[in-house]
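In case you want the letters, here they are:
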Number of protein chains: 2
Amino acid sequence: MARIAPVNARGTRDFLPRDLVRRNRVFALLRATFERYGFEPLETPSIENTSVLEGKYGEEGDRLLFRILKRGRELESGVRALDALSLGERSTAAMSRALSDEALRYDLTVPFARVIAAHQNDIVLPFRRYQMQPVWRADKPQRGRYREFYQCDVDCVGSRSMTVDAEMVAIHQEVFAALGFSGVVTRINHRGLLAALMATCDVPEEQYVATLTTMDKLDKIGLDGVRTELSKASLSDAAVDRLTQAMGLTGTPETIIESLRPIVGSNPMGAQALDELAQVFGYLADMGVPAERLRFDLSVVRGLGYYTGTIYETVLTNSTLGSLGGGGRYDQLIGMFLGRDLPCVGISFGLERIFDALDEQELARDEVTTTTQALVTLFAAETLASSFALATELRAAGIRTEVYTEPKDLRPQLTFASKKGIPLALILGPDELANDTVALRDLRAGAQRIVPRSETVAAVQSLLTGES
Amino acid sequence: MARIAPVNARGTRDFLPRDLVRRNRVFALLRATFERYGFEPLETPSIENTSVLEGKYGEEGDRLLFRILKRGRELESGVRALDALSLGERSTAAMSRALSDEALRYDLTVPFARVIAAHQNDIVLPFRRYQMQPVWRADKPQRGRYREFYQCDVDCVGSRSMTVDAEMVAIHQEVFAALGFSGVVTRINHRGLLAALMATCDVPEEQYVATLTTMDKLDKIGLDGVRTELSKASLSDAAVDRLTQAMGLTGTPETIIESLRPIVGSNPMGAQALDELAQVFGYLADMGVPAERLRFDLSVVRGLGYYTGTIYETVLTNSTLGSLGGGGRYDQLIGMFLGRDLPCVGISFGLERIFDALDEQELARDEVTTTTQALVTLFAAETLASSFALATELRAAGIRTEVYTEPKDLRPQLTFASKKGIPLALILGPDELANDTVALRDLRAGAQRIVPRSETVAAVQSLLTGES
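Residues numbered from 1 in each chain as written. Chains lettered and ligands numbered in written order. Predicted model: local features only at pLDDT ≥ 70, side-chain atom pairs only at ≥ 80, totals over all residues. Heavy atoms only, no water.

The next thing to look at is the overall build of chain A. Regarding its fold elements, chain A presents 19 helices and 16 strands. Compactness check: chain A gives a C-alpha radius of gyration of 29 Å against a globular reference of 23 Å for 468 residues, more than 25% above the reference. A principal-axis box enclosing the C-alpha atoms of chain A has dimensions of 95 × 65 × 45 Å. Buried residues in chain A amount to 56% of all 468 residues. Partitioning the intrachain contacts of chain A with sequence separation of at least 6 by distance along the chain shows that 68% fall at a separation of at least 24. If the 53 positive side-chain charges of chain A are averaged to one point and the 62 negative ones to another, these points end up 5 Å apart. (Helix = DSSP H or I, 4+ residues; strand = E, 2+ residues; numbered from the N terminus. Rg over C-alpha atoms; globule rule 2.2 N^0.38 Å. Buried < 20%, exposed > 50% of the residue type's maximum accessible area, 1.4 Å probe, protein only. Contact = heavy atoms within 4.5 Å. Lys, Arg positive; Asp, Glu negative; His and termini not counted. Charge placed at Lys NZ, Arg CZ, Asp CG, Glu CD.)

Turning our eyes to something else, we now look at the sheet that holds strand 13 (residues 401-403) of chain A. Residues and elements named next belong to chain A. With respect to topology, five strands assemble into an open sheet ordered 13-12-14-15-16, the strand pairing being mixed. The open sheet has two edge strands with one neighbour each: strand 13 and strand 16 (447-452). Direction aside, neighbouring strands of the sheet carry axes that sit 25 degrees apart on average. Strand direction decides the pairing type here: strand 14 (residues 424-427) and strand 15 (residues 437-442), joined by four bridges, are antiparallel. Each bridged residue has a counterpart across the sheet, and for Ile427 the counterpart in strand 15 is Ala439. (Pairing = 2+ DSSP bridges. Axes fitted to C-alpha atoms, helices over the stretch in contact; angles between N-to-C directions.)

Attention shifts here to the interface of chain B and chain A. Contacts between the two partners involve 113 residues from chain B, matched on the other side by 114 residues from chain A. Between chain B and chain A, roughly 9,300 Å² of surface is buried when both sides are summed, and carbon and sulfur atoms account for 58% of that area. Connecting chain B to chain A are ten salt bridges. Linking Arg90(B) and Asp83(A) is a salt bridge whose minimum nitrogen-to-oxygen distance equals 2.8 Å. (Buried area = accessible area lost by both parts, 1.4 Å probe. Salt bridge = Lys/Arg side-chain N within 4 Å of Asp/Glu carboxyl O.)

A word on the side chain of Glu35(A). Tracing the backbone through its elements, the reader meets Glu35(A) in helix 1 (residues 17-36). Summary of buried charges: Glu35(A) has no salt-bridge partner, and the nearest side chain of opposite charge, Arg400(B), is 4.1 Å away.

Attention now moves to the sheet that holds strand 14 (residues 424-427) of chain B. Residues and elements named next belong to chain B. The five strands lie next to each other as 13-12-14-15-16, forming an open sheet whose pairing is mixed. Edge positions in the open sheet fall to strand 13 (401-403) and strand 16 (447-452), since each of these has one partner strand only. Averaged over all adjacent pairs, the angle separating strand axes in this sheet is 25 degrees, with direction ignored.

Attention now moves to the packing of helix 4 (residues 72-84) of chain B against helix 5 (residues 92-99) of chain B. All names here are of chain B. Where helix 4 contacts helix 5, the axes come no closer than 8 Å and their chain directions differ by 150 degrees. With respect to each other, helix 4 and helix 5 are oriented roughly antiparallel. When helix 4 is examined against helix 5, the residues Leu75, Gly78, Val79, Ala81 and Leu82 are found in contact with a partner set consisting of Met95, Ala98 and Leu99. Here the contact of helix 4 with helix 5 is built from residues that sort into seven nonpolar, one polar and no charged. (Parallel < 35°, antiparallel > 145°, perpendicular 65-115°, else oblique. Nonpolar A, V, L, I, M, F, W, Y, C, P; charged D, E, K, R; others polar.)

Bringing unusual backbone geometry into the picture now. All names here are of chain A. Here the amide bond leading from Leu125 into Pro126 is cis, since omega sits at -10 degrees, within 30 degrees of zero. Backbone geometry places Glu362, a non-glycine residue, at a positive phi of 55 degrees. On the basis of relative accessibility, which here comes to 53%, the residue Glu362 falls in the exposed class.

Moving on: helix 16 (residues 381-396) of chain A. Along its 16 residues, helix 16 of chain A runs 24 Å from first to last C-alpha, staying within 8% of the 22 Å computed at 1.5 Å per residue. Following helix 16 of chain A by one or two positions, Gly398(A) adopts a phi angle in the positive range, close to 85 degrees. (Expected span 1.5 Å × (residues − 1).)

Our next topic: the relation of the copies chain B and chain A. Between the two chain copies there is a screw-like relation: a rotation about an axis and a shift along it. For these two chains of identical sequence, chain B goes onto chain A by a turn of 180 degrees and a shift of 0.0 Å along the axis, with RMSD 0.0 Å. Expressed as an axis order, the relation between the two copies is that of a two-fold axis. A symmetric contact is evident, with 100% of the interface residues of chain B recurring at the interface of chain A. (Least-squares fit on C-alpha atoms with pLDDT ≥ 70 in both.)

As a further point, take the pairing of strand 15 of chain A. Consecutive side chains along a regular strand alternate between the two faces of the sheet. Taking burial as the measure, the six residues of strand 15 of chain A include five buried ones, the bulk of the element. The hairpin formed by strand 15 of chain A and strand 16 of chain A contains four residues between the paired strands, and Gly446(A) there has a positive phi angle of roughly 70 degrees.

With that settled, the discussion passes to the pattern of salt bridges. Enumeration according to the criterion identifies 58 salt bridges over all chains in this entry. In this structure, Glu167(B) engages Arg395(A) in a salt bridge whose closest nitrogen and oxygen atoms are separated by 3.9 Å. Taken together, the residues span two chains, with Glu167(B) in helix 7 (residues 162-178) and Arg395(A) in helix 16. Both residues of the pair, Glu167(B) and Arg395(A), belong to the buried class. A salt bridge links Glu402(A) to Arg128(B); the shortest N-O distance between them is 2.8 Å. Taken together, the residues Glu402(A) in strand 13 and Arg128(B) in strand 5 (residues 127-136) connect one chain to another. Arg128(B) shares its class with Glu402(A); the two are buried. Through salt bridges with shared partners, a single network forms among Arg187(A), Asp219(A), Asp297(A), Arg302(A) and Glu313(A).

Among the residues examined, Glu402(A) registers a relative accessible area of 1% and is labelled buried. At 2.8 Å, the side chain of Glu402(A) forms a polar contact with the side chain of Arg128(B). (Polar contact = N/O pair within 3.5 Å; in protein donor to acceptor, adjacent residues only side chain to side chain.)

For the rest of this paragraph, the subject is the packing of aromatic side chains. Taken as a whole and assessed by the stated rule, the structure comprises 26 aromatic pairs over all chains. Ring plane angle 55 degrees and centroid distance 6.2 Å describe the contact between Phe27(A) and Phe355(A), whose orientation is recorded as tilted. Of this pair, Phe27(A) sits in helix 1 while Phe355(A) sits in helix 15 (residues 351-360), and the two are 328 residues apart along the sequence. On the basis of an interplanar angle of 35 degrees and a centroid distance of 6.4 Å, the ring pair of Phe112(B) and Phe127(B) is categorised as tilted. In this pair, Phe112(B) sits in helix 6 (residues 109-118) while Phe127(B) sits in strand 5, placing the two residues 15 residues apart along the sequence. By relative accessible area, which is 0% here, Phe112(B) ends up buried. Residue class for Phe127(B) comes out buried when judged on its relative accessible area of 3%. An aromatic cluster of at least three residues, connected via ring pairs, comprises Phe34(A), Tyr130(A), Phe176(A), Phe181(A) and Phe349(A). (Phe/Tyr/Trp six-rings, centres within 6.5 Å; stacked < 30°, edge-to-face > 60°.)

Attention now moves to the environment of Tyr106(B). All names here are of chain B. Within the secondary structure, Tyr106 sits in the loop between strand 4 (102-104) and helix 6. For the pair Tyr106 and Gln448, spaced 342 residues apart in sequence, the C-alpha to C-alpha distance is 53 Å. Residues in contact with Tyr106, not counting those within four places in the same chain, are Tyr57, Gly61, Leu64, Leu65, Val135, Trp136 and Arg137.

Turning to the environment of Gly328(A), a few remarks are in order. Residues and elements named next belong to chain A. The residue Gly328 is located in strand 10 (residues 323-329) in this model. The exposure class assigned to Gly328 is buried, which follows from its relative accessible area of 0%. Considered as a pair, Gly328 and Asn318 are ten residues apart in the sequence and their alpha carbons are 24 Å apart. The contact partners of Gly328, leaving out residues within four places of it in the chain, are Tyr307, Thr310, Ile311, Tyr312, Cys344, Val345 and Gly346.

Here it is in structure tokens:
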């Protein structure tokens, strides 16, 4: 028989049941938490018009898009358009444009912005939504980096209130605590504060990016390292002094905010940023988030993307894995589709990183490898109907029950259950049928006892209790 | 501001929260049912190598694949390969092959077969799995037909036992009953029986497809119509008589099976098919599926694809919507990837058709438009911390609670809750704070009462009880 290689596409994964047991448990916890905070689910198509995606993620992003090849006549005319290009005009971008006008979703934020504009008459503002769907990026695959992976975003559109910014941080904290992590700290900063700091320290505009990139390294190279690196750039000594003085501030967020007022308070953007940060920390206290889980951290930069206000990054202080997620306020992105700005604030959860961290911290590592809780044996014809009836009864009680697929000896049926990790086997042979009993075997403990047929469901429930 | 058109890709849909409330409820019911039967979840990547997908779905399928455009250097050499083709060699297939080597999943069965072969050492057989994921087909979009849509498959690999075939039908029946449908009938047939019938009626092999296609029309054109159409084909009168005699058989499945024995019993494939059908109907009775929901129906053909044994199609008898799903036994598909045959049997659920049918039958049409159950108001600074504390308490009790995004007057906050369909509002103003109470408004009933702060959670729970 000619055999086709059963190979999955590069950078993608098959998820077998044992992988999905934990994965789906974590996903369910996230969904339940978001919904408890009044966030509603939203789903967008995997495919978007390239006009929606292109130019939103920088040159690198455009390059990493999974583009859909045109089909039929459109493909034919695309190829003709390609033929008409001179060699010099045949850039990858030009070729892609001729051959494709749709691509796979690259993140969840841009489609969210498109949805808000497309359904503006159906959406009641302020609108809290969460979204957990795969995205695709043609990155070089490597350990922990895939070409198809889930993103998880939580956003609120339509409010400038800092209560929402605080809520984002509270949700981050609640989810990571519920997952069992300790040492989770959210580092909080503000893009307006960074901009004001650049301006009041007389950093030339063309040096903003380099300066912020250096500040971002505080964790890795320390304050002295930052000072050295800033000095090497063409910043004035006064600028370096002021910047490192600001970055060196310690104490409670309130103290740091007050210490920053003399430095950036004269700048209107800086003053507003400090006010907003003070509000956020205040609301977080009102919401009951412990102060030791929060840090005002001037070295948080969050790339150089669309953020315009508060920014956050949540890290495990007892790990080198880095950020488990982050977010911030971005008041201008939706405007690209809507034609007018709408305030937005959101967080994302780095799901693959979170699974890595759960592994590292040995959390959520139970031994469950299957969703199935009980196997009902199947023997010769006389007991068969009773086996089906028992399974029906167990299922009606909510117990996830598999009936062995065909009449067989007991041993292979028990071996099957053990190999799969099904915890319980219910044996219903001719003897049990005659005595109106069931042999109930706990495959985890290796123990077996005979229970009256009428008490079987209760016995199974009590054996399963306390385990999931 | 230059505005980008917020248009979704052709044939795709955005799902807003009010759409997802029902959709996710139906999906959850399906998942729970499958898991109660011991089926485990499986997920495969959206992207597959084209070598895995091509040639599995016929010419039409190959044409409808969403192919991924190559990138970077691979795209450059693809375009060079395209340039090297003469005009005559530039078929759409050849152009696609030059420019693409990956495509989006077209169904769930072929990826499932690939997974079984790829992970054969990790999968314990017999293996029951379900899969609910989107698939993509570049069909012409029309009402009820989308280019991106969910499929839902339930399969068991590794057993030839007819108990599994019966289980598939039982799951179909259980799901449709749980969704509230009445008049659900599963029509059952067997590919081996059809083949034996063709052989024993001396239908020439080149007439198989046309003959089966005509038989498939029984529902629409009646037995006389089938007879007329068969007569017009180049079948012998004797063949037409025998075929229509077989198709005209009525009575219980057992009676029909016995009446068919003289017609096809001499053919070994026919004899086996009748034995298997007898077993399936017997097991279905053992499983407690009511006989009136089952029909032995010789006109069920299920396309002409990979099925090799029993086949089924579940229909609503009180609707013109047609099949809600179907399936059958296919013992050779996995062999394409594995190099040896493995027995398989499965069913699928036509999710989009099911949603149409739920609409038509006015089922699952509750008024819930949001997952959120309660809105907590937000007023001036003095009550703000209490509002957050109340929300925390409600959430800890599992109540999905949104806090209004910013301090505002009462009226816009209540308008917001009404517009979204949030059933309850909890009003905590200065008066309530002073009296240690909360005003609890039921926005569905338009009723409001004051409850002691300490009894708020219980009062909310009792108002919400019995509604979801």
